[in-house]
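Observations on the three-dimensional arrangement
Listed below, chain by chain, are the residues.
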Amino acid sequence: MTVSVHGVVVRGKGEPADVTEVLVPDPGPGEALVRIQACGVCHTDLHYKMGGIGDDYPYLLGHEASGVVEAVGDNVTEVAPGDFVILNWRAVCGQCRACKRGRPWYCFATHNAAQKMTLKDGTTLSPALGIGALAELTLVAAGQCTKVNPAIAPATAGLLGCGVMAGLGAAINTGGVSRGDTVAVIGCGGVGNAAVLGARMEGAKTIIAVDVDDRKLRWAREFGATHVINSRNADPVESIKELTGGFGADVVIEAVGRPETYKQAFFARDLAGTVVLVGVPTPDMQLDLPLLEVFGRGGALKSSWYGDCLPSRDFPMLVDLHLDGRLPLEKFVSETIALGDVEAAFTKMERGEVLRSVVVL
Ligand SMILES: NC(=O)c1ccc[n+]([C@@H]2O[C@H](COP(=O)([O-])OP(=O)(O)OC[C@H]3O[C@@H](n4cnc5c(N)ncnc54)[C@H](O)[C@@H]3O)[C@@H](O)[C@H]2O)c1
Ligand SMILES: [Zn+2]
């Protein structure tokens, strides 16, 4: 039976994110219906609203969520009604070329369950990252649900579904940060500060946080930054070199998604160091770099999709570390808000007032 719930929808480029009635059908084979308990507002949702991802309006926003499985369709073995789950936008399929080559964190499979949700007049919704979780209920592929220990607060758990996992994984999985490394993180929002925390977990010796906002840098210190640079007041490349004996950092993580900050990352790393781009650029952006420097500096220029995570491996482990008191994920929750407050949360995000606003239902 199709049910009507409230969801946060953007109808056209730059239009406000409004709470609207959304119709959700019963789960079909391989699908799960999830009652959302919490969903973070990520910068990627703002990209959707502003047309930075595509033009498939109306978008149903939200993709960083936790909740309880309400019902499952036929042939679902992964989860059962009552399970507390974190939603993921990469359900490893086991069948595609990446999975078969043993690199499931590059799984190409897309999941279309959430596209069965519509507006009241039947208009198909495009769910953000195939999830659309800024809604009371959402319909996903069962593989997009990862069961975790329900002792974690839903608002904290949901953040592992995107930004916090992307940042932790950019440092741990993609950047391969290891004990004694020097690391710089450019852009310390929810994603960048999670990269700071990931670098600390891995035992980095020097962790340099760069942002244009002192508030973000204060939070970065709490997550483990050993040094902070406000790049409005100081040249970040020179400052990172000074703090690393003149060499540059072993790993530089770009968590803004702009050509100028990518260039800073490129020039602020040590010879044969690694640059990780986890920030998402928009289609109009171009990068101009001297090719000789790309060759001469060696090392690795990598991008990090979802922190190269494997939800079934990483979510339960990170939740358990948090419950053990070893991973302060709750510090990413700056405020809890209602569904109707998402537009205001975008404004706070743009003003730099929050790491994460989290809708709690
Ligand atoms: N790769 C992935 O899988 C993935 C996942 C989630 C989010 N993202 C992307 O990561 C980026 C960050 O997301 P977020 O949610 O942390 O956003 P956010 O808005 O919370 O944080 C961005 C930070 O960058 C800072 N900043 C802006 N301009 C800067 C500059 N010129 N120099 C230094 N710092 C600057 C801001 O002050 C802010 O602290 C976005 O592009 C988002 O789309 C990527
Ligand atoms: Zn996100």
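For the structure itself, consult the block above.
Given the structure is predicted, the values throughout are model-derived calculations rather than measurements. (Residues numbered from 1 in each chain as written. Chains lettered and ligands numbered in written order. Predicted model: local features only at pLDDT ≥ 70, side-chain atom pairs only at ≥ 80, totals over all residues. Heavy atoms only, no water.)

**Describing the packing of aromatic side chains**
Each aromatic ring pair is characterised by the separation of its centres together with the angle its planes make. Rule in force here: The criterion for an aromatic pair is that two Phe, Tyr or Trp rings (for Trp, the six-membered ring) have centres within 6.5 Å, with stacked assigned to planes under 30 degrees apart, edge-to-face to planes over 60 apart and tilted to the rest. A run of H or I in DSSP becomes a helix once it reaches four residues, and a run of E becomes a strand once it reaches two; helices and strands are each numbered from the N terminus.
Inspection of every chain in the model, using the stated rule, returns 7 aromatic pairs. Here Y106 and W305 contribute two aromatic rings whose centre-to-centre distance is 5.8 Å and whose plane-to-plane angle is 75°, an arrangement assigned as edge-to-face. Taken together, the residues Y106 in the loop between α2 (97-100) and β7 (118-119) and W305 in the loop between β16 (300-303) and α10 (311-323) connect sequence positions 199 residues apart. Where F223 meets F332, the ring centres are 4.3 Å apart and the plane angle is 20°; that geometry is what we call stacked. Of this pair, F223 sits in helix α6 (residues 214-223) while F332 sits in the loop between α10 and β17 (335-337), placing them 109 residues apart in sequence.

**Quick word on the coordination of the zinc ion (ligand 2)**
Rule in force here: In this analysis a donor is any N, O or S atom within 2.8 Å of a metal ion (3.2 Å for sodium, potassium and calcium), and since water is not included, sites may seem incomplete. Each residue's exposure class comes from its accessible area (1.4 Å probe, protein chains only) as a fraction of the maximum for that residue type: buried when under 20%, exposed when over 50%, partly exposed otherwise.
Ligation of the zinc ion (ligand 2) by protein atoms is provided by C42 (SG), H63 (NE2) and C162 (SG), these donors lying 2.0 to 2.3 Å from the ion. Expressed as a motif, the donor residue spacing for the zinc ion (ligand 2) is C-x20-H-x98-C. Note that H63 is positioned in the loop between β4 (59-60) and β5 (65-72) and C162 in the loop between α3 (154-159) and α4 (163-174), a separation of 99 residues in sequence. For the pair shown, H63 and C162 are each scored as buried.

**Looking at the site of ligand 1**
Note the following rule: Nearness here has a simple test: a residue counts as near a molecule or strand if at least one of its heavy atoms is within 4 Å of that partner. Each polar contact in these results corresponds to two N or O atoms within 3.5 Å; when the atoms are within protein, one needs to be able to donate a hydrogen and the other to accept it, and residues that are neighboring in sequence are counted only if both atoms are side-chain atoms. The Shrake-Rupley method, run with a 1.4 Å probe sphere, supplies the accessible areas, and residue values consider only the shown protein chains as cover.
Lining the immediate environment of ligand 1, one finds 27 residues, of which H43, D211, V278, S304 and Y306 sit closest. One of the backbone nitrogen or oxygen atoms of V278 is found 2.9 Å away from a nitrogen atom of ligand 1. Contact with the protein chains covers 89% of the free accessible surface of ligand 1, which is 860 Å². When residues of the shell around ligand 1 are traced back to their parent elements, those giving at least two are α1 (43-49) and α5 (190-201).

**Re the side chain of S66**
Quick note on the threshold: The contact criterion used is simple: two residues touch if any of their non-hydrogen atoms lie within 4.5 Å.
Mapping S66 onto the fold places it in strand β5. A relative accessible area of 0% means that S66 is categorised as buried. Each residue touching S66, except ones within four places of it in the same chain, is listed here: I36, Q37, A38, F84, V85, I86, P154, A157 and G158.

**Here we look at the packing of α5 against α6**
To be explicit about the condition: Here an angle of 0 to 180 degrees is reported between the N-to-C directions of two axes, which are lines fitted to C-alpha atoms, with helices fitted over the stretch in contact. Here the word oblique covers every angle except those under 35 degrees (roughly parallel), over 145 (roughly antiparallel) and from 65 to 115 (roughly perpendicular). For any pair of crossing helices, the crossing counts as left-handed if the nearer helix is rotated counterclockwise from the farther one by less than a right angle, and right-handed if it is rotated clockwise.
Relative to each other, α5 and α6 sit at 25°, their axes nearing to 9 Å. Looking at the two axes, α5 sits roughly parallel to α6. Of the two possible hands of crossing, α5 and α6 adopt the one that is right-handed. Contact residues: α5 offers N193, V196, L197 and R200, while α6 offers K216, W219, A220, E222 and F223.

**A word on the pairing of β5**
The condition is simple: Strand pairing follows a simple DSSP-based rule, namely that at least 2 bridges must link the two strands.
Summarising the sheet, strand β3 (residues 31-40) and β5 pair through 7 bridges and their orientation is antiparallel. Directly across from C39, in β5, lies its bridge partner A65. Note that β5 and strand β6 (residues 84-87) share 3 bridges and pair antiparallel. Bridging from a neighbouring strand, V68 pairs with F84 of β6.

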